[in-house]
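Analysis of the macromolecular model
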Amino acid sequence: MAFRLAYRRPDLVAGIVSLDGGPAERAATRSFRRAMTLAPWIKLFGGVKLVRRKIRGQLIKASGDHRG
């Protein structure tokens, strides 16, 4: 959170003390990255709605705010 705040609002952050050396979260899951490499083919064959539902589900699952 501190790194994100420092990046987005550097005017509010004078410095950060990091014990772990960096953020531990990932921007995307392995399956999400794979889906992105296949996106042009999926779009070509008309599976865009299915892919959107799958990607949304993966993002919710990987979210730190996800409950349940």
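Refer to the preceding data block for the structure.
**Here we look at helix 2 (residues 30-44)**
Taking 1.5 Å per residue, 15 residues should reach 21 Å; helix 2 reaches 22 Å between its end C-alpha atoms and fits that length. Along helix 2, the largest kink reaches about 55° and is centred on Leu-38; proline Pro-40 follows within four residues of it.

**Concerning a nonpolar patch on the surface**
Residues Leu-38, Trp-41, Leu-44 and Phe-45 make up a contiguous nonpolar surface patch of roughly 500 Å² in combined accessible area. Along the chain, Phe-45 falls in the loop between helix 2 and helix 3 (48-62).

**Some words on the packing of helix 2 against helix 3**
Pairs of packed helices are described in terms of their axes, by the angle between the two and the distance that separates them. At a minimum axis separation of 11 Å, helix 2 and helix 3 run at an interaxial angle of 170°. When the axes of helix 2 and helix 3 are compared, the pair comes out roughly antiparallel. Of helix 3, the residues touching helix 2 (which contributes Ser-31, Phe-32, Met-36, Ile-42 and Lys-43) are Val-48, Val-51, Ile-55, Gln-58 and Leu-59. Its residues placed into classes, the contact of helix 2 with helix 3 shows seven nonpolar, two polar and one charged.

The rules behind each value
- Residues numbered from 1 in each chain as written.
- Predicted model: local features only at pLDDT ≥ 70, side-chain atom pairs only at ≥ 80, totals over all residues.
- Heavy atoms only, no water.
- Helix = DSSP H or I, 4+ residues; strand = E, 2+ residues; numbered from the N terminus.
- Expected span 1.5 Å × (residues − 1).
- Bend = angle between axes of the 7 residues up to and from the residue.
- Patch = residues over 30% accessible without salt bridge, like charges linked within 9 Å, V, L, I, M, F, W, Y side chains within 5 Å.
- Areas by Shrake-Rupley, 256 points an atom, 1.4 Å probe, with all protein chains shown as cover.
- Salt bridge = Lys/Arg side-chain N within 4 Å of Asp/Glu carboxyl O.
- Axes fitted to C-alpha atoms, helices over the stretch in contact; angles between N-to-C directions.
- Parallel < 35°, antiparallel > 145°, perpendicular 65-115°, else oblique.
- Contact = heavy atoms within 4.5 Å.
- Nonpolar A, V, L, I, M, F, W, Y, C, P; charged D, E, K, R; others polar.

Geometry only, nothing functional implied.
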